[in-house]
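If you want the building blocks of each chain, they are given just below.
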Amino acid sequence: MADVEVVDPKKCLEESCKPKCVKPLLEYQACVKRIQDDESGHKHCTGQYFDYWQCVDKCVGPKLFAELK
Amino acid sequence: MVGGGVIQQILRRKLHSQSAATPVLSWFASKKVHEDAAASSSGVRALALLGAGVTGLLSFSTVASADEAEHGLACPDYPWPHDGILSSYDHASIRRGHQVYQQVCASCHSMSLISYRDLVGVAYTEEEAKAMAAEIEVVDGPNDEGEMFTRPGKLSDRLPQPYANESAARFANGGAYPPDLSLITKARHNGQNYVFALLTGYRDPPAGISIREGLHYNPYFPGGAIAMPKMLNDEAVEYEDGVPATEAQMGKDVVSFLSWAAEPEMEERKLMGFKWIFLLSLALLQAAYYRRLKWSVLKSRKLVLDVVN
């Protein structure tokens, strides 16, 4: 048997769902830029990060199990 | 807290300026008019209570939104094959999931409520389960000489525990206790989806968040910093049935196994539920018919008023 490279379907689907979630992704990237020069260490982008991943999860959720045995 | 005080002041000013803006406000205004001198304090008290209540509500909402990391990212709902009203477990998945548990998780997590005999007929044949049990050493005794001895495992033995007690487990894992997994999908809110999301959700932390040495970032874990490292990596396990062992596949299989472990009665429960709901519906129809039959005598009465002047 040839060496088949195993690709994780979840990562694959998350990549394909990225275009659907561009808006929260851009919000997150804007936040990253905003806090780049922060010295206090108190600023973080958890909110935008959660919004983005919640969008991706909602997109991936119904489709993932169809790819698995 | 400061914001709450400011809001209270704004409310007071608004109430003073708009006397009849809403029914509530007009009630307050009329109250002030009716009860003057001595009793005006009760009107002020009511106003203060309203202000305090609104402040409490508003400050609660602001605090809750700032602590989203504390609750963890909400996990999505996955379409588990055993979700339907008459759906059984995917037993092939349970078998693979047990293999994942044994090879990946059992080094740290106990499942002390499951015995080898519970696996018979669910994931393994009796011979396979016996052979698996025989691979472990169990302390038994005392024997006739009063000594404890070790023997190979039997079907009636529980799955082996990696640590002797919780303290040993904490000591070996930097103070964190790897919980027993026998009931984990019932012991966590939205357990099945949560465990799957957690196991497959290890990601880089967001900008501005740093996790200390020894912990790992997982957005689904309340607080975000979990002691367990990412354990499911592609092809960490080689499945007997040849299914490709991707991270997501292993996650699905191990959660199916854990769901079965927490709710082994699920299939029988669903069958019983379907049967009895059906029978009771028939019984309901019968009871309704019988009630109306018996009451028809009264319901079809004719009452005559015979008034004599």
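A quick note: this is a predicted structure, and the numbers were derived from the prediction, not measured.

Membership of the largest hydrophobic core comes to 69 residues, with the highest contact counts inside it found for Leu 64 of chain A together with Tyr 101, Met 111, Tyr 116, Phe 196, Phe 257 and Trp 260 of chain B. The residue makeup of this core includes at least three contributed by each of domain 1 (62–114 + 163–279) and domain 2 (115–157) of chain B. Setting aside residues no more than four positions away along its own chain, Trp 260 of chain B makes contact with Tyr 89, Ile 94, Ile 114, Asp 118, Leu 119 and Val 122 of chain B.

Residues and elements named next belong to chain A. Where helix α1 (residues 9–17) contacts helix α3 (residues 46–64), the two axes come as close as 9 Å, and the packing angle between them is 125°. Between α1 and α3, the crossing angle belongs to the class labelled oblique. Like other packed secondary-structure pairs, α1 and α3 cross with a definite hand, here right-handed. The segment α1 lies against α3, with Pro 9, Lys 10, Leu 13, Glu 14 and Cys 17 engaging Trp 53, Val 56, Cys 59, Val 60, Lys 63 and Leu 64. Taken together, the residues of the contact of α1 with α3 break down into eight nonpolar, no polar and three charged.

With that out of the way, let us pick up the UniProt feature "domain: Cytochrome c" (unreviewed entry) in chain B. Mapped onto this structure's residue numbering, the UniProt feature "domain: Cytochrome c" (unreviewed entry) falls at residues 92–248 of chain B. This span, residues 92–248 of chain B, is 29% helix and 8% strand, and a straight line between its end C-alpha atoms measures 16 Å.

The UniProt entry lists residues 8–69 of chain A under the feature "domain: Ubiquinol-cytochrome C reductase hinge" (unreviewed entry), expressed in the numbering used here. The span residues 8–69 of chain A is 68% helix and 0% strand, and its two end C-alpha atoms sit 13 Å from each other.

The next subject is a nonpolar patch on the surface. Taken together, Met 272, Trp 276, Phe 278, Leu 279, Leu 280, Leu 282 and Leu 285 of chain B make up a surface patch of nonpolar side chains, about 720 Å² in accessible area. Given the relative accessible area of 55%, Leu 280 of chain B is considered exposed.

Further remarks concern the pattern of salt bridges. Tallied over the entire structure, the rule returns 16 salt bridges over all chains. For Asp 140 of chain B, the salt bridge identified is with Arg 151 of chain B, shortest N-O distance 2.8 Å. On the criterion of sequence distance, the pair formed by Asp 140 of chain B in strand β1 (residues 137–140) and Arg 151 of chain B in strand β2 (residues 149–152) is long-range, its members being eleven residues apart. Relative accessible area serves as the criterion here: at 26%, Asp 140 of chain B is assigned to the partly exposed category. Linked by salt bridges that have partners in common, Asp 8 and Lys 11 of chain A together with Lys 230 and Glu 247 of chain B make up one network.

Looking now at the packing of helix α2 (residues 22–35) of chain A against α3 of chain A. Pairs of packed helices are described in terms of their axes, by the angle between the two and the distance that separates them. Residues and elements named next belong to chain A. Where α2 meets α3, the closest approach of the two axes is 8 Å, and the angle between their N-to-C directions is 160°. Put simply, α2 runs roughly antiparallel to α3. Crossing handedness for the pair α2 and α3: left-handed. When α2 is examined against α3, the residues Pro 24, Leu 25, Glu 27, Tyr 28, Cys 31 and Arg 34 are found in contact with a partner set consisting of Gln 48, Tyr 49, Asp 51, Tyr 52 and Cys 55. Residues belonging to the contact of α2 with α3 are distributed by class as follows: seven nonpolar, one polar and three charged.

We now examine the domain arrangement of chain B. Residues and elements named next belong to chain B. Domain annotation for chain B reports domain 1 (62–114 + 163–279) and domain 2 (115–157). The gap between the C-alpha centroids of domain 1 and domain 2 is 26 Å. On the side of domain 2, nine residues touch domain 1, which itself brings ten residues to the contact. Here domain 1 meets domain 2 over a buried area of about 840 Å², counting both sides, of which 55% is carbon and sulfur. Connecting domain 1 to domain 2 are one salt bridge. Linking Glu 128 and Arg 95 is a salt bridge whose minimum nitrogen-to-oxygen distance equals 3.0 Å.

Together, Glu 5 of chain A together with Asp 234, Glu 235 and Glu 238 of chain B line one region of the surface with negative charge. By secondary structure assignment, the location of Glu 235 of chain B is in the loop between β4 (225–226) and α10 (247–262).

The rules behind each value
- Residues numbered from 1 in each chain as written.
- Chains lettered and ligands numbered in written order.
- Predicted model: local features only at pLDDT ≥ 70, side-chain atom pairs only at ≥ 80, totals over all residues.
- Heavy atoms only, no water.
- Core = buried A, V, L, I, M, F, W, Y, C linked by side-chain atoms within 4.5 Å.
- Buried < 20%, exposed > 50% of the residue type's maximum accessible area, 1.4 Å probe, protein only.
- Domains from an automatic or database assignment.
- Contact = heavy atoms within 4.5 Å.
- Axes fitted to C-alpha atoms, helices over the stretch in contact; angles between N-to-C directions.
- Helix = DSSP H or I, 4+ residues; strand = E, 2+ residues; numbered from the N terminus.
- Parallel < 35°, antiparallel > 145°, perpendicular 65-115°, else oblique.
- Left-handed = near helix turned anticlockwise from the far one by under 90°.
- Nonpolar A, V, L, I, M, F, W, Y, C, P; charged D, E, K, R; others polar.
- UniProt positions renumbered as here; feature names shortened; annotations may be inferred.
- Patch = residues over 30% accessible without salt bridge, like charges linked within 9 Å, V, L, I, M, F, W, Y side chains within 5 Å.
- Areas by Shrake-Rupley, 256 points an atom, 1.4 Å probe, with all protein chains shown as cover.
- Salt bridge = Lys/Arg side-chain N within 4 Å of Asp/Glu carboxyl O.
- Buried area = accessible area lost by both parts, 1.4 Å probe.
- Lys, Arg positive; Asp, Glu negative; His and termini not counted.
- Charge placed at Lys NZ, Arg CZ, Asp CG, Glu CD.

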